[in-house]
Amino acid sequence: LPNVGKSTIFNALTRTSVPAANYPFCTIDPNVGAVPVPDSRLAALARLVPTERVVPTMMEFVDIAGLVKGASEGEGLGNQFLSHIQQVDAVAHVVRCFEDDQVVHVSGSVDPRRDLEIIATELALRDLAVVSSAISRVEKLANSGDKDSRAMLEALRAAAEPLNDARPVRGILGTLGAAAQDILRPMNLLTAKPLLYVANVSEHGGDNPHLAVVRGLAAEEGAAVVPICGAIEAQIAALESEDERREFLQAEGLSEPGLNRLIREGHALLGLITFFTVGPKEDRAWTVRRGAAAPEAAGKIHSDMARGFIRAEVIAYDDFITAGSEAAARTQGTLRIEGKEYVVQDGDLMHFRFSV
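In this text, all values refer to a predicted model and were calculated from it rather than measured experimentally.

As for the overall build of the protein chain
When helices and strands are counted, the protein chain shows 15 helices and 11 strands. Expressed as a percentage of the 356 residues in the protein chain, the buried residues total 46%. Counted over contacts in the protein chain with a minimum sequence separation of 6, partners at least 24 positions apart contribute 67%. Accessible area for the protein chain stands at about 18,100 Å²; split by element, carbon and sulfur atoms hold 50% of it. Within the protein chain, one finds 35 positive and 48 negative side-chain charges whose respective centroids are separated by 7 Å.

Quick word on the pattern of salt bridges
Within this structure, the stated rule accounts for 19 salt bridges. Note that Glu52 is salt-bridged to Lys281, the shortest N-O span being 3.6 Å. Of this pair, Glu52 sits in the loop between helix H2 (40-48) and strand E2 (53-55) while Lys281 sits in the loop between strand E7 (272-277) and strand E8 (282-289), placing them 229 residues apart in sequence. Both residues of the pair, Glu52 and Lys281, count as exposed.

Digging into the pairing of strand E1 (residues 31-36)
Judged by which residues are buried, E1 turns out to be one-sided: Asn31, Gly33 and Val35 face inward and are buried, whereas Val32, Ala34 and Pro36, on the alternate face, are not. Note: E1 against strand E3 (residues 58-63), six bridges, orientation antiparallel. Along E3, the bridge assignment pairs Gly33 with Phe61.

Cut-offs applied
- Residues numbered from 1 in each chain as written.
- Predicted model: local features only at pLDDT ≥ 70, side-chain atom pairs only at ≥ 80, totals over all residues.
- Heavy atoms only, no water.
- Helix = DSSP H or I, 4+ residues; strand = E, 2+ residues; numbered from the N terminus.
- Buried < 20%, exposed > 50% of the residue type's maximum accessible area, 1.4 Å probe, protein only.
- Contact = heavy atoms within 4.5 Å.
- Areas by Shrake-Rupley, 256 points an atom, 1.4 Å probe, with all protein chains shown as cover.
- Lys, Arg positive; Asp, Glu negative; His and termini not counted.
- Charge placed at Lys NZ, Arg CZ, Asp CG, Glu CD.
- Salt bridge = Lys/Arg side-chain N within 4 Å of Asp/Glu carboxyl O.
- Pairing = 2+ DSSP bridges.

Here it is, written out as structure tokens:
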């Protein structure tokens, strides 16, 4: 919804200063920012392998304007904002879980259950309109016996079933076959996208009834919840030095900024894992999809590495830390030679051999 703290959290994430005001629709055009994925393993590797530069992997966040009831029918510039959501790979739904008379709520009161239902309904209505339109287009061909159209119609009707009850498509995707999922994927349905909830709590929020409601609803659909105090995160982001940020966190009794948890949860939500390359020029974290084979990981570094892939030399992160160096890992037998079929594991240190 508008005015729940999206832009405040985005500013803290990206250390930028997009408008964040106490009125609805402060954000019109989406704001985009790339942020490093916090990973203590990279710092540990840099201590063992001194290098010229340390490069984390990055994630892109998009701050999209709030939706209101009726957005699927154009209320509050809804069609424009819904099209912005269509471009992202996953959704972080920010919900207000704090009371503050100085911050206007578009519905006049703080009620996370109602707020979540409004957004869920608007996204489902938008998807239902898209799916219904597609059904109308393929029905005639399907009834004439066209095999591909029949398969498409079956997949579309399966998607329409939960949408008619304002439920997300993501809840039934796992029950559909690969062919039906392939049919639905290009439609970019909003409720098919992976989703997590960001509960914006007060500075003294902790566990409060509003947060409990969000956690309960999220548990029902198997979604993650990241509680964040946007006000505190904004204060942390405004501090200029790492020492100042560390002191502030200690004073607040925090081990790390809440935004770090949000970034890591987002990384996991996208089905991504991290592998590392280390050397005198660069210690670097790379992102690859979970389940990727070694040549795909090699291609993240350079397309020639994927095209001419020969083998990968792999050390698990824990084994490398225990050994202390590549040479020691080789001596201890924890450096492995893997071929094209090897599935990359989170934390792998990899060195690729290739020829083009």
